[in-house]
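Residues per chain are reported as follows:
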Amino acid sequence: MADQDAIRAPSAVPVDDAVLPFEVSALDIRGRLVRMGAALDDILMRHDYPAPVSKLLGEAIVLTTLLGSSLKFHGRFILQTQTDGPVSMIVVDFIAPDRLRAYARFDKTRLADGLSAGELLGHGHLAMTIDQGPEMSRYQGLVALAGGSLEDAAHEYFLRSEQIPTRVRLAVGEELRGGGDGPTHRWRGGGALIQFLPKAPERARQVDLDPGDAPEGSVAHAIDEDDAWVESQSLFATVEDIELIDPDLSGERLLFRLFHERGVRVFPTQHLHAGCTCSRDAVAGMLASFDPEDRADMVENGKVVVTCEFCSSTYEFTPQEAGVEG
Ligand SMILES: [Zn+2]
């Protein structure tokens, strides 16, 4: 069948807000490349967070997209961090097949220039939840955050939970453009994930990240990683942040640059957009579930105003509409 596959040159046309699935069958790897422009900028600009928080939340959005876009059902993939650092909580919601929303909570007084992602997050955990609706059980995976980046956390998760050799790259940056009204800036993001999926499972054995509870002085148990996976990782490691977010470099050209010696096959692009699921009805329903006293406490200047944390939309109710006894 292979000779029936269309072989063509990589497209030079960059496609933003899209996931490009790919396969390098000579190396037994499958992966996804994400490029984000307007969708990422839309989510981040709605909040107007300080730049370090926006960048970190952007990385979480790219990671969530890489993971959530593999789901083959209509449901939600939720990534959530809870930590003791300046950014104490991040929530990213991927609503299959293509919608994203996100927010962060942070302590402004603890933010400083030059803090790494790990320093912004601090210690705590990252949870990934797959929600397929009320009929289905929720699946949750947890990984500790201990001062490392979101990439580190993703590697730890795949090593411990999925046991699939996986590498992830995430990049977020601000694009500055000169214009008639002065320079404008927009957020861009990009990321990629590769997974080693050989037919023979013994080829997928991995080197443990830390020696665990081996007795002191014992020689670390050496596992030779499969040659194809070693080669895949070294090719993948050459991806630079600037290439992941470059608005003029097409995703296909980037993949071709990385894997052309082995041959890379791409699958249909999945498009993404920013979008919230909140509505006046849903907010009214939430208010109705509160205790009457809590509802009464929400009245300010003769009205109840609720702001959606995900998209910053505000919903106004009269005390009567909010169910506050007059
Ligand atoms: Zn909303």
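The model shown is predicted, which means the values in this text are computed figures rather than measured ones.

### Thoughts on the overall build of the chain
A count of helices and strands for the chain gives 9 helices and 14 strands. Principal-axis analysis of the C-alpha atoms gives the chain an extent of 75 × 60 × 45 Å. Within the chain, residue pairs in contact and separated by at least 24 positions form 64% of the contacts whose partners lie at least 6 positions apart.

### Let's talk about helix H7 (residues 251–259)
The complete set of buried residues in H7 reads Gly251, Glu252, Leu254, Leu255, Leu258 and Phe259. Projected onto a plane normal to the axis of H7, the buried residues spread over an arc of 160° and lie on a single side. Here the buried face of H7 lies against strand S1 (18–24), strand S2 (29–36), helix H5 (227–236), helix H6 (241–245) and strand S10 (265–266).

### So, the sheet that holds strand S5 (residues 99–106)
Ordered in space as S7-S6-S3-S4-S5-S12, the 6 strands form an open sheet in which the pairing is mixed. At either end of the open sheet lies a strand with only one pairing partner, and these are strand S7 (139–146) and strand S12 (273–274). Inspection of the sheet shows strand S3 (residues 76–83) paired to strand S6 (residues 123–131) by 8 bridges, in the antiparallel sense. From the neighbouring strand, Ile78 faces S6, where its bridge partner is Thr129. The strands touched by helix H1 (residues 38–47) are S5 and S12; relative to S5, the strand with the most contacts, the crossing angle is about 35°.

### As for the nonpolar core
Leu57, Ala60, Ile61, Leu63 and Ala102 are the most contacted members of the largest nonpolar core, which totals 68 residues. The biggest single contributor to this core is helix H2 (residues 51–68), with 9 residues. In this structure Ile61 touches Leu40, Ile43, Val92, Leu100, Ala102 and Gly189, once residues within four positions along its chain are discounted. Within the second largest apolar cluster, 5 residues are counted, among which are Val283, Tyr315, Phe317 and Ala322.

### Notes on the packing of H1 against H2
Contact geometry for H1 and H2: axes closest at 10 Å, N-to-C directions at 135°. Here H1 is positioned oblique relative to H2, judged by the angle of their axes. Crossing of H1 against H2: the hand is right-handed. Contacts between H1 and H2 involve Leu40, Ile43 and Leu44 on the former and, on the latter, Ser54, Leu57, Gly58 and Ile61. Per-class residue counts for the contact of H1 with H2 are 5 nonpolar, 2 polar and no charged.

### Section: the pairing of strand S13 (residues 304–307)
Bridging between S13 and strand S14 (residues 314–317) involves 4 bridges; their strand directions are antiparallel. Pairing of Val304 across the sheet is with Phe317, part of S14. Between S13 and S14, which follow one another and run antiparallel, lie 6 residues, and Ser312 among them has a positive phi close to 65°.

### Digging into the pairing of S6
With 8 bridges joining them, S6 and S7 adopt antiparallel strand pairing. Residue pairing for S7: Met128 is matched across the bridge by Gly141.

### What about H1?
In an α-helix there are 3.6 residues to a turn, and that puts residues three or four apart on one side. Taken as a whole, H1 has its buried residues at Ala39, Leu40, Asp41, Ile43 and Leu44. For H1, the secondary structure elements touched by its buried residues are S2, H2, S5, strand S9 (184–196) and S12. Just beyond H1, the residue with positive phi is Asp48, at close to 55°.

### Details of the confidence of the model for the chain
In the predicted model, the chain carries a mean pLDDT of 90, and 93% of its residues have values of at least 70. Put simply, helix H4 (residues 150–162) is where the chain has its lowest mean pLDDT, 90, and S2 is where it has its highest, 98.

### Comments concerning the domain arrangement of the chain
By the assigned domains, the chain splits into domain 1 (14–209 + 224–274) and domain 2 (280–317). Counting residues at the interface gives 6 residues for domain 1 and 4 residues for domain 2. Put simply, the parts of the chain that give the side of domain 1 that touches domain 2 at least two residues each are H1 and S5. Of all the elements, S5 adds the most residues to the side of domain 1 that touches domain 2, at 3 residues. In terms of residue class, the side of domain 1 that touches domain 2 is built from 2 nonpolar, 1 polar and 3 charged.

### Concerning the environment of His271
As for its placement among the helices and strands, His271 is situated in strand S11 (residues 270–271). Excluding its chain neighbours within four sequence positions, the residues that come into contact with His271 are Asp17, Ala18 and Asp98.

### Notes on unusual backbone geometry
At the junction of Ala96 and Pro97, the peptide bond is cis and its omega measures out at 5° in the coordinates. Among the secondary structure elements, Pro97 is positioned in the loop between strand S4 (87–95) and S5. Its identity is not glycine, yet Asp28 carries a phi of approximately 60°, on the positive side. Relative to the elements of secondary structure, Asp28 occurs in the loop between S1 and S2. Asp28 sits in the buried class, given 20 other C-beta atoms within 10 Å. Here the phi dihedral of Asp48 falls at roughly 55°; this positive angle occurs in a residue that is not glycine.

Criteria and cut-off values
Residues numbered from 1 in each chain as written. Predicted model: local features only at pLDDT ≥ 70, side-chain atom pairs only at ≥ 80, totals over all residues. Helix = DSSP H or I, 4+ residues; strand = E, 2+ residues; numbered from the N terminus. Contact = placed C-beta atoms within 7 Å. Buried ≥ 20, exposed ≤ 12 C-beta atoms within 10 Å, placed from the backbone. Arc of directions from axis to C-beta. Pairing = 2+ DSSP bridges. Axes fitted to C-alpha atoms, helices over the stretch in contact; angles between N-to-C directions. Core = buried A, V, L, I, M, F, W, Y, C linked by C-beta atoms within 7 Å. Parallel < 35°, antiparallel > 145°, perpendicular 65-115°, else oblique. Left-handed = near helix turned anticlockwise from the far one by under 90°. Nonpolar A, V, L, I, M, F, W, Y, C, P; charged D, E, K, R; others polar. pLDDT = per-residue confidence, 0-100. Domains from an automatic or database assignment.

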